[in-house]
Structures are given as C-alpha cells and as structure tokens.
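# Breakdown of the fold
Letter by letter, the chains look like this.
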Amino acid sequence: MQAMIFAAGLGTRFKPWTDTHPKALALINGKSLLQRNVEYLQKYNIRDIVINVHHFAEQVIDAIKINNGWGSTISISNETNQLLETGGGLKKAEHFFKDDIIVILNADILTDFDLSLMINYHLQKNSLATLAITDRSTSRYFLFDENNTVCGWRNTKTGEEKISRPSNNLSQKAFSGIHIVSKKIFPLIKQQGKFSIVDVYLELAKITDLKGFDHSGSKLVDVGKPESVAIAEEYFK
C-alpha cells in the first residue's frame, strides 16, 4: 500500500508563515505538519509515500533529506513549474504508484481516526474511491445517499450545487481531505493540467459508486489558518 501527501499548495490563508515557508513545514508542538502525517501513515505500515511540492519546494525537499524521510521512503512529485491542484497533482504522480491501493492526505489535516477501518471499508465495498467524511459544519459538502454513495456537491455560501446522481434522501457531509483510491482510477481521469480531485469524483460518481466513510467523533483539525495552530497543539502533543 502506498500514499500521497498533498504539500504543494500556496497556503494563502496561512500568512505570514507562508510568505517565507511552505505550510507543510509549519510546526505543531515541535513537529511539522508533514512529519506528523508521515508518522500517522507509519502507524498503519504505510512507508512508501509520494509528496508533491511547489511553494518553497526546496525547503520541503531539504526537510525530507535531512530527516531521512522520518523513516519512510519518500518520492517527490515536483510541480515547481505549475501548481496542478489536487486532481492534477494526483494524475502527474501516477507513475510512482505500483500498488492498487493509494491513501491520500492533505498535509494540513491532522487526525487520530483509525485509518485501518477506512481501508477495510474501502476494500469491502470494492470502491474506486472512498472519502473520509464527518458531520462537522463547513461551507462545502459532498452529498450522499442513504448508502453513503457520493451523489453530488454543495456550497452553502454561494448556493452552488452539482448533482451527479439524483436521490430523494441526500445528506451533506464535510470532506476531511483524506481519501483512498484504487489505481484503476487513473485511466478514468479525463481532465488535463490543473484541476481539482472534487471535479474528478463528481464525474466518476455518474458512472460508478464512490463511497464515504464517516469518522465523526474522532479528532480532526484543518490547520488552514494560523489560529488553527493552537487548536492543533491542544489535540496533538
């Protein structure tokens, strides 16, 4: 089993740190977000990891080299020339993946939920993709039917809504930035260049069952803004 950590983003909401550093190297109780996610994956014996880089890419690469990957084998997908977003970033990294199962994490998400439960669920459902979700409040949601199958997406701030498959009983759940995909997804990704993985999922949901795995109740911190650091440091020692 392999993993990918998205660490290429500009981190515009995390200024002033990101004026001179990549967000992935922001410290939480002395450990960077990136190190914490590498160590999180190690708990589940996932030590073959791809990390994409763009913003202050050399700082990320140097940190990985200096720390010997924190005990994991890390490959770099370099997006220095163009930031490709989540979908484009995954597609560019396709050649790194030999295993069928790929766990994907956003570098700025910290959680303590049992990833093995989600992996087992993904395998049981034989899903092309499984999204970690919770019932927390946000402005952007994936929409699911009663079987936790992806049916669409909604932005409650703008009123925008995209329905991939109609259902009478849609529930909205917040995406945790943690997902598992099968390598079989790559030939089905038709988008090119820079694009969001959300758009990929909404297209694929029209033709196959993508699943949600609800881990509500576990610790989850989106370290997207500087004020989130104090919350993360309370939860993750």
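In what follows, the structure referred to is the one given above.
Right, let's walk through the structure included here.

## What to know about the side chain of E79
- Here E79 is to be found in the loop between strand 5 (73-78) and helix 3 (85-92).
- The buried charged residue E79 lacks any salt bridge, with K92 as its nearest oppositely charged partner at 7.0 Å.
- With residues near it in sequence (within four places) discarded, E79 still touches A8, N52, V53, H54, L84, E85, G89 and K92.

## Here we look at the pattern of salt bridges
- Under the defined criterion, the tally for this structure stands at 10 salt bridges.
- The salt bridge partner of K15 is D19, with a shortest N-O separation of 2.6 Å.
- The partly exposed category is assigned to D19, whose relative accessible area is 43%.
- Across the salt bridge formed by D209 and R165, the nearest N and O atoms sit 2.8 Å from each other. Residue D209 is located in the loop between helix 5 (197-204) and strand 13 (211-214), and its partner R165 is located in the loop between strand 11 (161-163) and strand 12 (171-182); the two are separated by 44 residues in the primary sequence.
- A relative accessible area of 38% means that D209 is categorised as partly exposed.
- Through salt bridges with shared partners, one network takes in E160, K162 and D199.

## Comments concerning the packing of aromatic side chains
- Under the criterion given, the structure shown has 5 aromatic pairs.
- Geometrically, the ring pair formed by F142 and F175 is edge-to-face, given 5.7 Å between the ring centres and 90 degrees between the ring planes. Taken together, the residues F142 in strand 9 (residues 140-144) and F175 in strand 12 connect sequence positions 33 residues apart. In terms of burial, F142 and F175 fall into one category: buried.
- Three or more aromatic residues link up through ring pairs in this structure, and these residues are F113, Y121 and F213.

Conventions adopted
Residues numbered from 1 in each chain as written. Predicted model: local features only at pLDDT ≥ 70, side-chain atom pairs only at ≥ 80, totals over all residues. Heavy atoms only, no water. Helix = DSSP H or I, 4+ residues; strand = E, 2+ residues; numbered from the N terminus. Buried < 20%, exposed > 50% of the residue type's maximum accessible area, 1.4 Å probe, protein only. Lys, Arg positive; Asp, Glu negative; His and termini not counted. Salt bridge = Lys/Arg side-chain N within 4 Å of Asp/Glu carboxyl O. Contact = heavy atoms within 4.5 Å. Phe/Tyr/Trp six-rings, centres within 6.5 Å; stacked < 30°, edge-to-face > 60°.

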